[in-house]
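The residues making up each chain are set out below.
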Amino acid sequence: MTQIQESAVEAPPAQVRAAWTRRQLVVVLVIGTAALMVSLTQSLLVPVLSELAVDLRAGGDGVAWLLTSTLLVGAVAVPAFGRLGDLFGTRRMLLVTIGALVVGSLICALANNLTVMIIGRSVVGLAVAAVPLSISLIGVTLPREHAPAGIALISAMLGVGGALGLPLAGLIAQYADYHVLFWICVAGGILTVPGIVLLVREPARVAKGRMDLVGTALLGAAMLALLLPLAQGSSWGWTSPWTIGLLAAAVVLLAVFIAVELRRASPLVDVRTTARPSLLLTNIASLCVGFALFATLIGTASYVQAPAATGYGFGQSVLAGGLCMLPGGIAMLLLSPFSARLRPRTALIIGSLIIAAGFATRMVLVDSLWQVVLGATISGAGTGIAYAAMPGLIIHAAPRSELAAANGLNALFRSVGSSLASAIGGAILAAQTITLAGHALPSLAGYRTLFAICAGAAVLAALLAVFIPRHAATADAALPED
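All of the points below concern the structure found in this document.

Reading the values: the criteria
Residues numbered from 1 in each chain as written. Predicted model: local features only at pLDDT ≥ 70, side-chain atom pairs only at ≥ 80, totals over all residues. Heavy atoms only, no water. Bend = angle between axes of the 7 residues up to and from the residue. Helix = DSSP H or I, 4+ residues; strand = E, 2+ residues; numbered from the N terminus. Buried < 20%, exposed > 50% of the residue type's maximum accessible area, 1.4 Å probe, protein only. Polar contact = N/O pair within 3.5 Å; in protein donor to acceptor, adjacent residues only side chain to side chain. Contact = heavy atoms within 4.5 Å. Pairing = 2+ DSSP bridges. Phe/Tyr/Trp six-rings, centres within 6.5 Å; stacked < 30°, edge-to-face > 60°. Lys NZ or Arg CZ within 6 Å of the ring centre and 35° of its normal.

We now examine helix α11 (residues 213–236). In α11, a bend of some 40° at Leu 230 exceeds every other bend along the element. Note on α11: the residue one or two positions beyond its end, Gly 237, has a positive phi of about 105°.

As structure tokens, then:
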């Protein structure tokens, strides 16, 4: 059994009942705040993109790069920093990524043109790696009786930040200048650094070897080739040579990456370990849940802001659209400790089925605003449970020396799922439209199609979780029986 497994899951009943100390709570609060600030950056700009376009004198395609640049840099940074954390210290790399959050947000806060803003958002993309690093760090920092709850809470921050970012941005957009959003990220990042430095110890490093620069370059190129057409396909055209060519290049680069990694003594990703059913199925299920979460974001705020004449919309403001996501974010936060009390496999199954139920509700109940909020909250609750379960599955399956890298790869799968949701959801809503006052708007049938696909993705995640191998009793001693 690995050290992290012992620290996170093997605790006798007396220890499980041990009370949290003030220091432990502060450590979780500090690291959780860092993870929350980073996850906020992924949805914070969505409600203010139109305002940014006017202020920066940029077209829609140019402003979209404020989101795309962060996505692309994050796709490279997450696996790279995961491996760097295993080799040189998880706490150290977490501080580096928080530094990137502060610097990138500061650049954006002071920017008054699109180019500088994109540079700042690219630097912020490095900070995306902070969440998987935080998950790995909390697992070896807390005592074994509290580690599962701490890990579950940090993991849930991925969803909480996305859900809270929309109402926060809506509030700022309505009553203040959008630059305030970046100053919030600067302040939040700065506030977490002293706590991490003073309270969080650097765990003992057990990984050996060198940083795999060749593997990093190959994986980074493959992710760029995959995510760039997903982000730009709607403007390029899904059958354009650029879109098809880059997607084909992504397949080739991934194949080359796997072949190279199998031959390296110190790979960026241990392909053989990652191919184990316990890790592979968890990562694919994470992709499905990441898909459903992002579709909740794009399918709620814009839905309630649509004019009532569409037959489904409520003509609400940007702020009201964001507030519809708030109960779901709160549900994610409150239910993550519940997930920690279950076996991770069981929690992933339950959470995924709840997500599916939420989207089924969205398909059927469309008459009142509270029905939309209900469906989004149910989906959010399921996402909180499912997201909180995934690090537990990773901990059981990944060697201690590869823990940060394994969590980083899992986060990358979630990110790919969100990118797929953006691409597929955008294509569906653009294809199924109605014309209102000369403008094409998504139809109710389009939204229902998107919700049906999300429900199917969540059910697929639950089915995949069923086939994740059960772990040995000694590894799961602190968790309830299935």
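There is more to say, and it comes next.
In this section: the side chain of Gln 371. Along the chain, Gln 371 turns up in helix α19 (residues 369–397). Among the residues examined, Gln 371 registers a relative accessible area of 9% and is labelled buried. Engagement of the side chain of Gln 371 in a polar contact is seen with the backbone nitrogen of Asp 367, the distance being 2.8 Å. Beyond its immediate stretch of four places on either side in the chain, Gln 371 contacts Leu 365 and Val 366.

Bringing the pairing of strand β1 (residues 433–436) into the picture now. As paired strands, β1 and strand β2 (residues 439–442) are joined by four bridges and run antiparallel to one another. Across the sheet, residue Leu 436 finds its bridge partner in β2, namely His 439. Joining the antiparallel neighbours β1 and β2 is a turn of two residues, in which Ala 437 adopts a positive phi near 55°.

Counting through the fold element by element, Leu 247 comes out in helix α12 (residues 241–261). For the pair Leu 247 and Leu 110, spaced 137 residues apart in the sequence, the C-alpha separation amounts to 36 Å. With sequence-adjacent residues up to four places away left out, Leu 247 is seen in contact with Ala 225, Leu 226 and Pro 229.

Under the criterion given, the structure shown has seven aromatic pairs. Taking the centre distance of 6.3 Å and the plane angle of 45° together, the rings of Tyr 303 and Phe 451 count as tilted. With Tyr 303 in helix α15 (residues 301–305) and Phe 451 in helix α21 (residues 444–466), the pair connects residues that are 148 residues apart, well separated along the chain. There is no split in this pair, since Tyr 303 and Phe 451 are both buried. On the numbers, 5.3 Å between centres and 65° between planes, the contact of Tyr 312 with Tyr 447 is edge-to-face. Of this pair, Tyr 312 sits in the loop between α15 and α16 (318–323) while Tyr 447 sits in helix α21, and the two are 135 residues apart along the sequence. With respect to class, Tyr 312 is no different from Tyr 447; both count as buried. Grouped by ring-pair contacts, the aromatic residues Tyr 303, Tyr 312, Phe 359, Tyr 447 and Phe 451 constitute a single cluster. Note that Arg 362 overlies the ring of Tyr 303, its terminal NZ or CZ placed 5.1 Å from the centroid. Lying over the aromatic face of Tyr 387, Arg 414 brings its terminal NZ or CZ to 4.5 Å of the ring centre.

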